[in-house]
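For reference, the chains in residue letters:
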Amino acid sequence: MLLRLVLLTSLAVLAAASAQQQVVEKPLLICIDAGEAGLAGKPPLIAGYVTSRGARQPAQLYINGTVIKAVGIWEVNSTKPQIQNLTVLPPEVRGLVCFQPGDPAPAGRGLYIEVEARGRRYGVTIINATEDPTAPPALPLEYIADKVELVRGRLVAKRAVRGPTAHTAQAEPLAIITPGPSLFRDFSGSIVAIFKLNRTDNYVLNLNGAGEACATGRFILPNGTSSFSIIFTPATRANVYGGAYYLTLSIAYKVYDEGNRLLYNTINVQVPNNPKPWYIVNIDLSNVNNAYNIVKRIELSICKPARLYVYGQYVIDAYIYSIVAARSYAQPFAMESPGQDAVVAPPPSAGQLFNGTYIVVPGFTPPPGYVLGSARANIVLRTCASNAPTSVNIYWGPFYIGAISRTQGIDGCWYYVVTPVMFTGAFNTAATSSLRLGGLIHSIAIGPFPWDVYNRGITVQQMRIEGLYRPEMNARSSRAFNENYMGWGTYTLSGFTSFVDYYSGAIYYYGSKVDLKLYATGDAYYEPHLVISISKYDGMQYHCPTVEITIGASSNGVPVALERPTSFGSYTEGGSGVLSFVDLIVDFVSNVFDETNKWVSRALGFISWVTFGIDVVQAASWVGVNVDQVNGELRYTIGLGPLAPGKVVIDGGEIFARISSGSPVTFIIKQVKMCGVTYGDYSAYLDPTARSMSNSNIHFFRTFTCGKQEIFPMPMTARLCDASFYG
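Remember, predicted model here, so these are calculated numbers, not experimental data.

Re the overall build of the protein
- Of the regular secondary structure elements, the protein holds nine helices and 46 strands.
- Out of the 727 residues in the protein, the part that is buried amounts to 58%.
- In the protein, the proportion of contacts linking residues at least 24 apart, taken out of those at least 6 apart, comes to 80%.
- With an accessible surface of roughly 27,700 Å², the protein has 51% of that area assigned to carbon and sulfur atoms.

Listed below in C-alpha cells is the structure:
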C-alpha cells in the first residue's frame, strides 16, 4: 500500500511538472494600426529602433503581409502545377505595425511612435530600411503570429525626430563591379560581416543543477566597427526539466586591442525567455576606443547563469552580424537562373491554371561578406501576348523590390526590364536581410501574369543578380594574404527542366544548383583551385543529366592557355584530405539545422540551401567527371546518373595559367550548360600583389567561405579550414 502511495505521489508530481512545462511564455509584440501611426500607404521597407535601458537597440518590425499565388519555374510545362500561396510584404504598408517592446523614448532620428498598452507606454522609432543596413527591415506578421503574443495599443505620441543618429555605415551604391586592378588595390567599402562561431552553431549546453554552462568564441572586428548583433535563430531552445522550461541566458563580452590590452569588459547582457524567432541582442562598441590602429578582438560568452537550477540541455544557435569597414580588395559574385532565353510555356490546356500567378525562380542568395550597395539586377522578360500587364511586381524573398513597367520592342512584343541601376536600395536591403536571416531567402518572384500571357509564353532572356563580396575581414596586414586559402570568386547558377511522358502522363523533374568557387594562396595566385558543388533542388527527382563548364583565362587582355589539371574528381564521405576542401565550399548558412530549416520553409517557401558537410557522398558509378583542353580552355563535363546523390562535390583541381611570374590573370567562366540552358561570362581577377601584404598574425581566422569566422588557436599554422577546431 505504501509503495502504491509513493508511486501515485511520484506520478502526480511528474504530471504537475509536465503541466508546468507546457506553460511557455510567448514573446510580446506591441501593435498599432498603420493608419493611426501615419504609416499606411508608405513603402514596406521600414525598420525600427527602440531604447532599452538607455541604449539604442535595433528592433524587428512586423507588418501585415499579402498573399500571392506562385508557381515554381521548373513546373512551367506541368498540366497540374503545384501553385503555392506565399506571404510577402505588400507594396504599401497596411493593417497592423508591430514592434518589440521598448522604453517610451526616441531612439535616434526617424518617426517616433509611442503606444499605450496594458497600462504601460512603449516607444519605437521608424526609419527607412534602405538607409541603414544595421537595422532589420520589417517582415510579414503572419510569419510569427502564432509564436508571439500580440498586444493592441493606442497611439499617445507621434513626432519626427531630426537629431543625429548613429548609423554604422551607409549603403552607398558602387559605380563598378567589373573585377580588375582597381577593385583589388583601391577598394574601400563596408561589408555585411555575418558568421557563426563553433559554439553558436547548434551548440548543446549540458545542464546539471546550479553550475554555469557557457558557449564561448573569439573573433575580430576591424577598426571603426561600432556595434555587432547576436541573432538567435528558432533552433535556439530549452530541452530541460525540473521546472525551468524556458531559456535564461546571460551574455558577456570582452574587447581587446591588437596588443592584447583589455579595452572594455561588460557582463550580464540579459536575454529574455524564448529568444526567438530571430531575437536580436545588439552590443554597442561605440564607447570603445576607435583610434586608427585599434583592431578589436571580441571574446564572447553566452551562458546559463550560475545559481540557476536547471537540468537538461540548452541548444544555442546564433549568428554574429555586423557592418564592418573593409579595404584592399573585393571580388565579384553572380547568381543567375534559369538560364539565358529560358521559355515559360505551359501546355495550352493548363494556361488557365496559371492565371494570376507569379513566376518563382530560386537560386539568389548573396554570399557572406556582401559589399553594401553593390547588388545589381539584370532582368529581361519578354512576351508577345497582346494584353501583357502594364506593370508587374518583383519580390526577392518576402521583400517588395518594386514594379517594372512594360516597354514595346521593335518586334512588337512586350519587355519587362530591370537594369543594373534600378531599385538599388531595395535590392541592397533584400541582400542584407537575407544574410541577417542566415541566408534563407533565395527566390525571386515576378508577376502576376494573366493566363493568356502564359499561353503565348514568357521568355526569361536573363535573370541575374551580381555584386561584390569580401571572402573575409582580414586587414591588409594579415598573413592570410600571403599564406592562407582565400576565396576569389563565387558563382551560383540554377537550371531546371521537366519532361512529360505523353504515353503515361507522368512528369519527370530535373533540376540542379551549381556553385562554382575559385580560391588561391599566396605565390600560387595564378594557379587557383576550382571547387564545383552540385545539389539537387528540393522537389526535383533527378539532377540535370550533364553539367558542362568551360573556363578560359587572360592576362592584361591577352588570352592565356590553361593546363589540364592532373587530378580531379568527386569527394567521398569524410577523410582528412577531403574535409578541408569541402569546407571551402560550405558557406556558414549551409549548416542550418532541421528545426530552423523547417520553420523557415513553412514561412518563406522555396527555401533550399546546399547543406554540405561530412554527409557529402559520391557514388562512383553514377557520377562521372571529365576534363578536356580545347583551344587553350578547359571544359569540365560532369555526368550525373539517375541514382547520383543529391549533393556532390567536384574537386576541379588546380587550374594553371601559362603566365610570367608577377603578371595578373583573369579567370573567366565562359559558359555553363545544364538542363538545356546556358550561362556565361563570369570573371575573377587575381593580382600578384596579394602575396606581399605583410605578416601580422592576429588576423588569422577562418574565412566566410570556410563556414566560421573564428580566431584559430595556433595562428602560425592556420592554413586550412580545420574542422577539428571549428566543427
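Quick word on the environment of Leu 89
- By secondary structure assignment, the location of Leu 89 is in the loop between strand S6 (83–88) and strand S7 (96–99).
- Separated by 44 residues in sequence, Leu 89 and Leu 45 place their C-alpha atoms 8.6 Å apart.
- Excluding residues that lie within four positions of it along the chain, Leu 89 makes contacts with Pro 44, Ile 63, Thr 66, Ala 138, Leu 139, Pro 140, Tyr 395, Pro 398, Phe 399 and Tyr 400.

Concerning unusual backbone geometry
- At the junction of Ser 337 and Pro 338, the peptide bond is cis and its omega measures out at 0° in the coordinates.
- Note that Pro 338 resides in the loop between strand S24 (331–336) and strand S25 (342–344).
- Each neighbour pair has its own omega, and for Gly 447 with Pro 448 the value is 0°, a cis peptide bond.
- Among the secondary structure elements, Pro 448 is positioned in strand S31 (residues 443–449).
- With a phi angle near 65°, Asp 341 is a residue other than glycine that sits in the positive phi range.
- A positive phi is found at Phe 423, a non-glycine position, where the angle reads about 60°.
- Note that Phe 423 resides in the loop between strand S30 (414–418) and helix H4 (424–436).

Here's the deal with the sheet that holds strand S20 (residues 279–284)
- One open sheet holds the four strands; their spatial order is S13-S23-S16-S20, and the pairing between them is antiparallel. Edge positions in the sheet fall to strand S13 (188–195) and S20, since each has one partner strand and no second. Taken over all neighbouring pairs, the strand axes of this sheet differ in orientation by 20° on average, direction set aside.
- Alignment of strand S16 (residues 227–232) against S20, held across six bridges, turns out to be antiparallel. In the strand pairing of S20, Ser 227 is matched with Asp 284.
- Sitting on the sheet, H4 touches S13, S16, S20 and strand S23 (318–327), and the angle it makes with S13 is about 30°.

With respect to a nonpolar patch on the surface
- Together, Tyr 241, Tyr 309 and Tyr 311 make up an exposed nonpolar region whose accessible area comes to about 360 Å².
- Within the secondary structure, Tyr 311 sits in strand S22 (residues 310–316).
- You can call Tyr 311 partly exposed: its relative accessible area is 31%.

Brief notes about the nonpolar core
- One finds Ile 73, Trp 396, Phe 427, Ile 446, Phe 449 and Met 463 to be the most contacted residues of the largest nonpolar core, which totals 95 residues.
- What Ile 73 contacts, discounting residues up to four positions off in sequence, is Pro 338, Val 344, Ile 359, Val 360, Val 361, Val 460 and Phe 496.
- Within the second largest apolar cluster, 50 residues are counted, among which are Tyr 329, Ala 520, Ile 638 and Ile 650.

The rules we used
Within each chain, residue numbers correspond to sequence positions counted from 1 in written order. Residues qualify for local features only when their pLDDT is at least 70, as the model is predicted, and side-chain atom pairs are given and counted only at 80 or more; totals for whole chains, interfaces and linings, by contrast, use all residues. Where side-chain values are given, they derive from all heavy atoms of the structure, hydrogens and water being excluded. Runs of H or I in DSSP of at least four residues are treated as helices and runs of E of at least two as strands, each being numbered from the N terminus. Exposure is judged per residue with a 1.4 Å probe applied to protein chains only, and the accessible area is read against the type maximum: over 50% gives exposed, under 20% gives buried, and values in between give partly exposed. Only heavy atoms enter the contact rule, under which two residues are in contact if any of them lie within 4.5 Å. Computed with the Shrake-Rupley method and a 1.4 Å probe, the accessible areas treat only the protein chains shown as cover for residues. By the convention used here, strands pair only if DSSP detects at least 2 bridges between them. Only the stretch in contact is used when fitting a helix axis, every axis being a line fitted to C-alpha atoms; angles between N-to-C directions are given from 0 to 180 degrees. Residues with no salt bridge and a relative accessible area higher than 30% make up the patches, which join like charges within 9 Å and nonpolar side chains (Val, Leu, Ile, Met, Phe, Trp, Tyr) within 5 Å. Basic side-chain nitrogens of Lys or Arg form a salt bridge, by our definition, when they fall within 4 Å of a carboxyl oxygen of Asp or Glu. Here, nonpolar core refers to any group of buried Ala, Val, Leu, Ile, Met, Phe, Trp, Tyr and Cys residues whose side-chain atoms link them within 4.5 Å.

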